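# Structure assessment
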Amino acid sequence: NTVLVTRQATLSASGYSGTGAITYEVVSGGDKCSVSGATLNALAVGTCEVRAQIAADHNYLAATSDPITVTVLSRYAQTITAVATPSSVTVPGTVALSATGFLGTGAITYAIASGSVCALSGTTLTVSSPGSCQVVAQIAQDDTHAAATSTPGTVTGTAPPPPPPARAPCTAAR
């Protein structure tokens, strides 16, 4: 049960019998949440506990639920994964970078985390000599999701194969 700060969530109850009116109340963390009717208002980052109550009717007694914990977040956490296609190239060569696994709409950027054999321009990684480098993808925060950085992904540059040996010229015997 999570909601973003300054946002609202609709509360509902289930598993009860009777026709009595249902009300909701904050039982702890009143500085983090408030309730108006069936609407929970997220006031500040933290947690609060909310419970439902059903009033008695002509067949059933009043009842109170166990409290539920609501976590109020500033933004939802997210992850991102850097993808290098291909992950190994013959040098000099280029690799296309992309990202997967994220939920937000923030701008995605890439950075070289380590290694001196690579150069980065936008989403293209150039591997100039044999060796490896590590690349990360980063997504900026948006209105609902926090910023995230991937774990480093490794890109390897391999030396081109040696040229075939030169053949000696043929000489014809006379």
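We now turn to the structure provided with this report. Everything quoted here is computed from the prediction, not taken from an experiment. (Residues numbered from 1 in each chain as written. Predicted model: local features only at pLDDT ≥ 70, side-chain atom pairs only at ≥ 80, totals over all residues. Heavy atoms only, no water.)

Here the focus is the pattern of salt bridges. Going through the model one piece at a time under the given rule, you end up with 2 salt bridges. Arg51 serves as the salt-bridge partner of Glu25, at 2.6 Å between the closest nitrogen and oxygen. Linking Glu25 in strand E3 (residues 22–28) with Arg51 in strand E6 (residues 46–54), this pair joins segments that are 26 residues apart in sequence. In this structure, Lys32 and Asp31 form a salt bridge, with 3.5 Å as the shortest nitrogen-oxygen distance. The exposure class assigned to Lys32 is partly exposed, which follows from its relative accessible area of 22%. The exposure class assigned to Asp31 is exposed, which follows from its relative accessible area of 52%. (Salt bridge = Lys/Arg side-chain N within 4 Å of Asp/Glu carboxyl O. Helix = DSSP H or I, 4+ residues; strand = E, 2+ residues; numbered from the N terminus. Buried < 20%, exposed > 50% of the residue type's maximum accessible area, 1.4 Å probe, protein only.)

Mapping His145 onto the fold places it in the loop between strand E15 (131–139) and strand E16 (148–149). Classification of His145 as buried rests on a relative accessible area of 13%. Here the side chain of His145 touches Thr144 through a polar contact of 2.9 Å, side chain to side chain. When sequence neighbours within four positions are dropped, the list of residues in contact with His145 reads Arg75, Tyr76, Gln78, Leu103 and Gly104. (Polar contact = N/O pair within 3.5 Å; in protein donor to acceptor, adjacent residues only side chain to side chain. Contact = heavy atoms within 4.5 Å.)

Attention now goes to the sheet that holds strand E11 (residues 93–100). As summarised here, the arrangement of the 4 strands in space is E9-E11-E14-E13, forming an open sheet in which the pairing is antiparallel. With partners counted over all chains shown, the strands left at the sheet margins are strand E9 (81–85) and strand E13 (118–121), one partner each. If you compare each strand with its neighbour and ignore which way they point, the axes differ by 30° on average. Where E9 meets E11, 5 bridges bridge the pair, whose relative direction is antiparallel. (Pairing = 2+ DSSP bridges. Axes fitted to C-alpha atoms, helices over the stretch in contact; angles between N-to-C directions.)

Moving on, we get to the environment of Ala107. Among the structural elements, Ala107 can be located in the loop between E11 and strand E12 (108–114). We classify Ala107 as exposed; its relative accessible area is 53%. C-alpha of Ala107 to C-alpha of Gln138: the two residues are 31 residues apart in sequence and 8.1 Å apart in space.

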